[in-house]
Structures are given as C-alpha cells and as structure tokens.
Amino acid sequence: MMEPLAAARIFTLLEPGPVVLVTTRHAGKSNIMTISWTMVLDFTPRFAICTGAWNHSFTALEETRECVIAIPSADMLDTVIGIGTCSGADTDKFTRFGLTPCKGKHVQAPLIAQCLANIECRVAEIIAPHGIVVLDGLAAYVDHQKSDQRMLHAIGDGTFVADGERFDRKEAMRSKLPDGV
C-alpha cells in the first residue's frame, strides 16, 4: 500500500546522476566543489550541473567558462562529503584531502588523479534563475584499473547509494542506442 510522502521530500524520489567533483582554476588557484545534481542532456557530450552564486566556484565557472567534472568512486565518499562541507574561499581542498591535481589538455582546471574518470568541459550556458550550468565535454579520461569502480548517488537527505549489480540489455535496446555505444 502506498503511503503519502511530504512535498518537501519529493526530490528524494528522483536521483539525478552520480555525485561528481567539479574542479575550477581561477585567479591562480584551483578549487573543488561537490555536486550531487548532475544530468546528461542527450547522447552528445553535453551535461548540466546545478550550482549558483552561493558556491565559491561559481565565479570561476562564470569568468573562465571551463571546468573538469571528476567522477569519484564510492570509496571516496568521506572525501566527497568533506569537500562539499568546506569552502574553497579559505581551504586548499587538494592539499586538505590529499588529492593529486593533473594537467588537462583543453582547460586550465585540473583533473583529479584519484577519481574514476575526468571530463574536461567548457561552459556552454548558465541558466541563472535555476542554477543550471550547461557544459560541453571536450575530452574524457577513465581509470579502468581503479579497484573500486562504483559511482556514488546522493538521495538528497544525507544518504548515498553506490552502484551495484548491472543488468545488460544492450541488445534489447540496440535500436535506441547511438552507433558505437
């Protein structure tokens, strides 16, 4: 039997995508922010994240128009939470959390060596009233050797889920998938 859910908790029913770390580089400093609301916009390398002026990295996104989406593995959960609960205004997050910045090929923002994957991005559009930053992926790098390959998903109420069992239905979906997928 279905039970009512308070309107203030409805967002916990729709999990948007994996939790990511977004790096920026602005005024000679690199920063990292945790973003739990991400989405793929279509089968092209176009993505969106939700953030806004309240976030220290937002100015860097507006002014440099570039960033890196770094996808952490589930074993990085405490680091992800730590990054999201302190400010880059007064914290060097790479140093504090023992993360290794790596140079990308297309943007000044650093990749994070400890993550499962990194995507260099350019800001295509900022939809300020909704805090949506639309990004175009320029290049991606994946670490298939990392021991924990699970991604994190935020429920939105302080709980998280890690990827689990995968169900392969590629052949059944073939007519809807783009070539090469």
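Shown above is the structure to which this text applies.
Computed from a predicted structure; not experimentally measured.

S.K.: I would appreciate a short explanation of the environment of Ile126 in the present structure.
M.R.: Mapped onto the secondary structure, Ile126 falls in strand S8 (residues 117-127). Accessibility expressed as a relative area gives 22% for Ile126, which makes it partly exposed. As for Ile126 and Arg65, which are separated by 61 residues in sequence, their C-alpha atoms are 9.5 Å apart. Sequence-distant contacts of Ile126, defined by excluding residues within four places in its chain, comprise Phe58, Glu62, Arg65, Ile132 and Val133.

S.K.: Quick question: what am I supposed to make of the nonpolar core here?
M.R.: Counting 17 residues, the largest nonpolar core has Val22, Ile49, Leu61, Ile69, Val133 and Leu135 as its most contacted members. Counting only elements with at least two residues in this core, the list comes to strand S1 (20-26), strand S2 (29-35), strand S4 (46-50), helix H1 (58-64), strand S5 (66-71), S8 and strand S9 (132-142). Examining the composition of this core, we find that four residues originate from one element, S8, more than from any other. If we ignore the near neighbours within four places in the chain, the residues touching Val22 are Asn31, Ile32, Met33, Ile35, Ile49, Cys67 and Val68.

S.K.: I would appreciate a short explanation of unusual backbone geometry in the present structure.
M.R.: Trans is the common state for peptide bonds, and a negative phi is the common state for residues other than glycine. The backbone phi angle of Ala27 is positive, close to 55°, even though this residue is not glycine. Inspection of the secondary structure puts Ala27 in the loop between S1 and S2. The residue Arg65 is not glycine, and still its phi comes out positive at about 60°. Of note, Arg65 is situated in the loop between H1 and S5. The partly exposed category is assigned to Arg65, whose relative accessible area is 31%.

S.K.: Is there a simple way to think about the side chain of Asp163 in this case?
M.R.: Within the secondary structure, Asp163 is located in the loop between strand S11 (160-162) and helix H4 (170-173). Only 2.7 Å separates the side chain of Asp163 from the side chain of His153, close enough to count as a polar contact. Apart from residues lying up to four places away in sequence, Asp163 is in contact with Arg150, Met151 and His153.

S.K.: How should I be thinking about the side chain of Thr23 in this particular structure?
M.R.: Mapping Thr23 onto the fold places it in strand S1. Reaching out from Thr23, the side chain makes a polar contact with the backbone oxygen of Pro110 at a distance of 2.5 Å.

S.K.: Help me understand the pattern of salt bridges in this model?
M.R.: Two side chains of opposite charge can pair, provided their charged atoms sit close to one another. A full pass over the atoms with the stated rule returns seven salt bridges. For the salt bridge of Lys146 with Asp75, the shortest nitrogen-to-oxygen distance reads 3.7 Å. Of this pair, Lys146 sits in the loop between S9 and strand S10 (152-154) while Asp75 sits in the loop between S5 and helix H2 (77-84), and the two are 71 residues apart along the sequence. For Arg174, the salt bridge is made with Glu171, and the minimal N-O distance between the two is 3.3 Å. Assessed through its relative accessible area of 34%, Arg174 is described here as partly exposed.

S.K.: It is not clear to me how the pairing of S1 should be interpreted in this structure. Could you clarify?
M.R.: On any regular strand, side chains alternate: one points to one face of the sheet, the next to the other face. Counting buried positions along S1 gives five out of seven residues, so the element sits mostly inside the fold. Bridge analysis of S1 against S2 gives seven bridges, and the strand direction is antiparallel. Note on S2: the bridge partner recorded for Val22 is Met33. Taking the residues between adjacent antiparallel strands as the criterion, S1 and S2 are bridged by two residues, where Ala27 takes a positive phi near 55°. Two elements, S1 and S5, share three bridges in a ladder whose sense is antiparallel. In the strand pairing of S5, Val22 is matched with Ile69.

Basis of the calculations
Residues numbered from 1 in each chain as written. Predicted model: local features only at pLDDT ≥ 70, side-chain atom pairs only at ≥ 80, totals over all residues. Heavy atoms only, no water. Helix = DSSP H or I, 4+ residues; strand = E, 2+ residues; numbered from the N terminus. Buried < 20%, exposed > 50% of the residue type's maximum accessible area, 1.4 Å probe, protein only. Contact = heavy atoms within 4.5 Å. Core = buried A, V, L, I, M, F, W, Y, C linked by side-chain atoms within 4.5 Å. Polar contact = N/O pair within 3.5 Å; in protein donor to acceptor, adjacent residues only side chain to side chain. Salt bridge = Lys/Arg side-chain N within 4 Å of Asp/Glu carboxyl O. Pairing = 2+ DSSP bridges.

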